[in-house]
Structures are given as C-alpha cells and as structure tokens.
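Chain and residue survey
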Amino acid sequence: MHIAVVGLSHRTAPVEIRERLSIPEQTMEDSLQRLRSDEQVIEASILSTCNRLEIYTLLRHPERGISAVGDFLSQQSGLAVEELRPHLFTYHHEEAVGHLLRVAAGLDSLVLGEGQILSQVKKMVRLGQEHRSVGPILNRLLNQAVSTGKRVRTETNLGTGAVSISSAAVELAQLKVGQARGRDELVPLDQEQVAVVGAGRMARLLLQHLQAKGCRGVVVLNRTVSRAEALAADFPTLPVQCRPLDDLDHCLSTCSLVFTSTGAEEPIITARRLEGLNRRSSLMLIDIGVPRNISADAAELPGVDSFDVDDLQEVVARNQEARREMAAEAEGLLAEESRLFLEWWDGLEAVPLVNRLRLQLEDIREQELQKALSRMGPDLSARERKVVEALSKGIINKILHTPVTKLRAPQPRQQRLASMGVLSDLFELHDDPPEA
C-alpha cells in the first residue's frame, strides 16, 4: 500500500485551469465513486477549494495508481493528461503526509495562516466518511491533519490576525481605489457604492471586512432573499439591503464596487451583459469564486476593472513577510505530527504477521477447549462452558499483548523486521516478513 497526493493549486495552475477541476459538493459522491472504481485506488478523498484541487489516495501500486488518478483528472477537466501535467504536483508517502499537514495548518495557502482552509479539510473528512471512500488509513491521516491544524492555531501565533481570501479581496479593492485616486495605498471604502453577490461563508467574511474598512452600506444579492436577510441580521450596525439576484443588472448599473462569491458553475457577469447597461460610473468587479463568476472579457470594456483570485497576490505580498516569521513557529509542530503518523504507519507492517500468529493460537485454543469440554462431560452448564471459553480467550490475549505491543511500538524498521523474523521462525508462521 502507498499513500500519495496528486493535485494543483494557486502555486502551480492559473484560475482558468483550476476552475475546470473544481468539484462542487453535490457531485462529490460521483467523483469519489469514479476514483474508487479503479482497482488501484483503495481509499480516496478530494479537497476542492477556490485555490486547490487535491486528491489524497491509498494506492496498491504507486505508478499505476498515479496514472489512474491522472486519467480521472483528465476526464474531470476535459483536458488531456499532457496538458494537465505541467500544472500538477505529486507527493508520495512522507512528502504527502507533510503536505497535507501544511495545508491544514494554513502554511500552503495563498494567505499564510488562512483559517478557512481548516474547515475545508474538515469538510473533506466528512464527505469521505459519508460516501465511504476513506478507510482506516486515510481516516486516521485526515483526522490527524484536522487536529494538527487546530493545534497550530492554538499553540502558535500563526492564527493571530490571520487574513482570509475575503479580507485580501477587500484590501485589493482598497488598493485599486487608492491607485485610481493617485495614491498607492489602501484607502477607506466609505465613498463606494458596494454590492456583494452571494450570501454564503465568503460573503459573510466580506461583510465583516467591508464594515471594518469604513464601508457605509452594502447591497447583498442572492437567489434566496431570506438567506441574504439572515446574513444581514448578523450585521446590525452595517446598513444592508437584501435583493434577489434578478436585481443584478440594476446593481451593476448603480454600484461602483461589486464582489462576487457564488457557487455558479458558469459566469453570471459577462461583457455582453455589461454592454447592455446604462452605467452611471466606473465599475470595479472583484471575483473570489472558483469557477469564476465573472467572465474574462468583462475587463476589456471601458470603465470596467475586473479582478479574480489570482490578482490577490498583489496585496498578499505586502503582508507575507511578517507572516513567514509566524509560520516558522508551526514547522516544529508539523514535523512532530508527521513523525507520529509515520510511526503508526510503520507499525502496520507487523499486522499480517500478528494476524497469522493470532489465527494459529486461536486454532490451538479451540482444539484444546473442545478436548477439555468433552472430558468434563454433559453435566457442564451453559454458564460454566462460557466461563471456560472466556478463560481460554483471556489467556491467548494476555500471551499476545506484549509481543504485539512491542512490534507496533515506534522503533527503527530493521529492529522491527528482526523481531518479526524471530517470531516467524519460533512459531513457524509460513509467510515471510517483508524484506528490508
């Protein structure tokens, strides 16, 4: 068995590639079943966010398994494997474990220390469990990643003041508004007519940061107005108008700054839509959805500035250096957590031998038990039979406890193999232990 991760992220692929591999929750079950349908994939889980698509797997054979995952990604994206390959990364075993822990801790995020990624890893665990695509190996690894992410945020300063994609989007708006006024700095947004399209988690964070940056009012548009109203109720000091998505054209005509964050699989704002509007002012569009909510051709129109998640690098770079120092605090914790998982994994090497020993001892126990019961005669009650059987099982478990514990304990692999060889010889367990 072999642990591997194959994926792409904001570091390796532009948004136009990432959006073709975005997997929404409603199709996740089908995607996981397609992955698991290949005999090389024993367990699988998928992490799909605006900045990454990563597939964590337990494979029978490394090369054939990685090839199967590549075929899945090709089918999912509609791109040939050769077109995808330059954007993909592949990590095996120890590197795969370390990568997952870094992701959960926010160390591989566009914004170092981003908090939202941990909830996305939790979601990956939940979906893998619900759709039964993860087994004991990935289940343990993914849950350890979640606990590691929590530990990093509790025991280090990385989570202190950590920014998110949403806050970076608001800072990008501040920077671009400032530059339009001839000032290369972040400016308040108190003079902007602002709209937010969507009412999910990202929209909530947008409202939090817009309020903090001086915004005087926001229009929230959503397919379900009641959901927008529930969101607005959490911001009593920020004037929020809630409108249906059908009012989008009106907001695009009257607002100067529009953020989009919806789950739409196709762009909802296009150049063609904007051309038909009688806009009153210049318009800035900031899209943090993947797949993108705003088509690329929107930026070609006069008076329209359009930005997507890849453009956030400009403001992220301003804060990154200070956060790198905080990230260094977390590296020691990640190394410790990685070692703990790999020690547990190494201990699995002894499981087949232990199982053979247990079967052998169980056969002996059963034979001797039947002999003893036959000698005791028919007068033995059912309760007495159960006591004798429990006694024999207890003896076997006591005998096995020490060797099993020692074989599974953290130790150099050569030492474990030597112990396994001795045990195999002494009890004539016919299958040989693995070679060094």
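Since the model is a prediction, treat every value here as computed from it, not as a measurement.

The rules we used
Residue indices follow the written sequence of each chain, beginning from 1 at its first position. Where local features are concerned, this predicted model is filtered to residues with pLDDT of at least 70; where side-chain atom pairs are given and counted, the filter is 80 or more; whole-chain, interface and lining totals use all residues. Hydrogens and water are ignored here; the side-chain numbers use all heavy atoms of the structure. Here, any two strands with at least 2 DSSP bridges between them count as paired. Helix numbers and strand numbers start at the N terminus; a helix is a DSSP run of H or I with at least 4 residues, a strand a run of E with at least 2. Only the contacting stretch of a helix is used when fitting its axis, a line to C-alpha atoms as for every element, and angles between N-to-C directions run 0 to 180 degrees. Any two residues whose heavy atoms approach within 4.5 Å at even a single point are treated as in contact. UniProt positions are given in the numbering used here, feature names are shortened, and annotations may be inferred rather than shown by experiment. Remark: exposure states derive from per-residue accessible area (1.4 Å probe, protein chains only) relative to the maximum for the residue type, with buried under 20%, exposed over 50%, and partly exposed in between. Put simply, a nonpolar core is a bunch of buried Ala, Val, Leu, Ile, Met, Phe, Trp, Tyr and Cys residues held in one set by side-chain atoms that sit within 4.5 Å of each other. Note on handedness: a clockwise path from strand one over the helix to strand two, with the strands aimed away from the viewer, defines a right-handed crossover.

A separate point is the sheet that holds strand 10 (residues 304-307). On the basis of which strands lie adjacent, the open sheet formed by six strands has the order 7-6-5-8-9-10 and parallel pairing. Taken across any chain shown, the strands that pair with only one partner, and hence form the sheet edges, are strand 7 (240-244) and strand 10. Taking the axes of each pair of neighbouring strands and ignoring which way they run, one obtains an average angle of 20° across the sheet. Note that strand 6 (residues 218-222) and strand 7 share five bridges and pair parallel. Paired with Leu-221 across the bridge in strand 7 is Arg-243. Strands strand 5 (194-197), strand 6 and strand 8 (257-260) of the sheet are contacted by helix 9 (residues 201-212), whose axis makes an angle of about 160° with strand 5. Strands in contact with helix 10 (residues 225-232) are strand 6 and strand 7; relative to strand 7, the strand with the most contacts, it is inclined by about 170°.

Turning our eyes to something else, we now look at the UniProt feature "active site" (unreviewed entry) in the chain. Mapped onto this structure's residue numbering, the UniProt feature "active site" (unreviewed entry) falls at Cys-50. Tracing the backbone through its elements, the reader meets Cys-50 in the loop between strand 2 (41-48) and strand 3 (52-59). Judged by relative accessible area, which is 14%, Cys-50 ranks as buried. Contact partners of Cys-50, with chain neighbours within four places excluded, come to Arg-18, Ile-165, Ile-288 and Val-290.

A few words on the UniProt feature "binding site: substrate" (unreviewed entry) in the chain. Within this numbering scheme, the UniProt entry marks Thr-49, Cys-50, Asn-51, Arg-52, Ser-109, Glu-114, Gly-115, Gln-116 and Gln-120 as carrying the feature "binding site: substrate" (unreviewed entry). Here Thr-49 lies in the loop between strand 2 and strand 3. Relative accessible area serves as the criterion here: at 11%, Thr-49 is assigned to the buried category. With residues near it in sequence (within four places) discarded, Thr-49 still touches Ile-117 and Gln-120.

To continue, consider the side chain of Ser-253. Relative to the helices and strands, Ser-253 is located in helix 11 (residues 248-254). Among the residues examined, Ser-253 registers a relative accessible area of 12% and is labelled buried. Every residue in contact with Ser-253, bar those within four places of it in the chain, is listed here: Leu-277, Asn-278, Arg-279 and Arg-280.

The next subject is the nonpolar core. Within the largest apolar cluster, 42 residues are counted, with the highest numbers of intra-cluster contacts made by Val-196, Leu-207, Leu-210, Val-218, Leu-257, Phe-259 and Ile-286. Those elements that provide at least two residues to this core are helix 8 (165-180), strand 5, helix 9, strand 6, helix 10, strand 8, strand 9 (283-287) and helix 13 (313-347). Looking at this core element by element, the count peaks at eight residues for helix 8. Sequence-distant contacts of Val-196, that is, excluding residues within four places in its chain, are made with Ala-203, Leu-206, Leu-207, Leu-210, Val-218, Val-219, Val-220, Leu-221 and Phe-259. One finds Val-121, Ala-145, Val-146 and Trp-345 within the second-largest nonpolar core, a separate group that totals 38 residues.

Residue alternation in strand 5 divides its side chains into two sets, Val-194 and Val-196 and Ala-195 and Val-197, and both sets are buried. Looking at chain direction, strand 5 and strand 6 are connected through four bridges and run parallel. If you follow Val-194 over to strand 6, its bridge partner there is Val-218. As a crossover connection, the stretch from strand 5 through helix 9 into strand 6 is right-handed. Here strand 5 runs beside strand 8; their pairing, made up of four bridges, is parallel. Of the residues in strand 8, the one forming a bridge with Val-194 is Leu-257.

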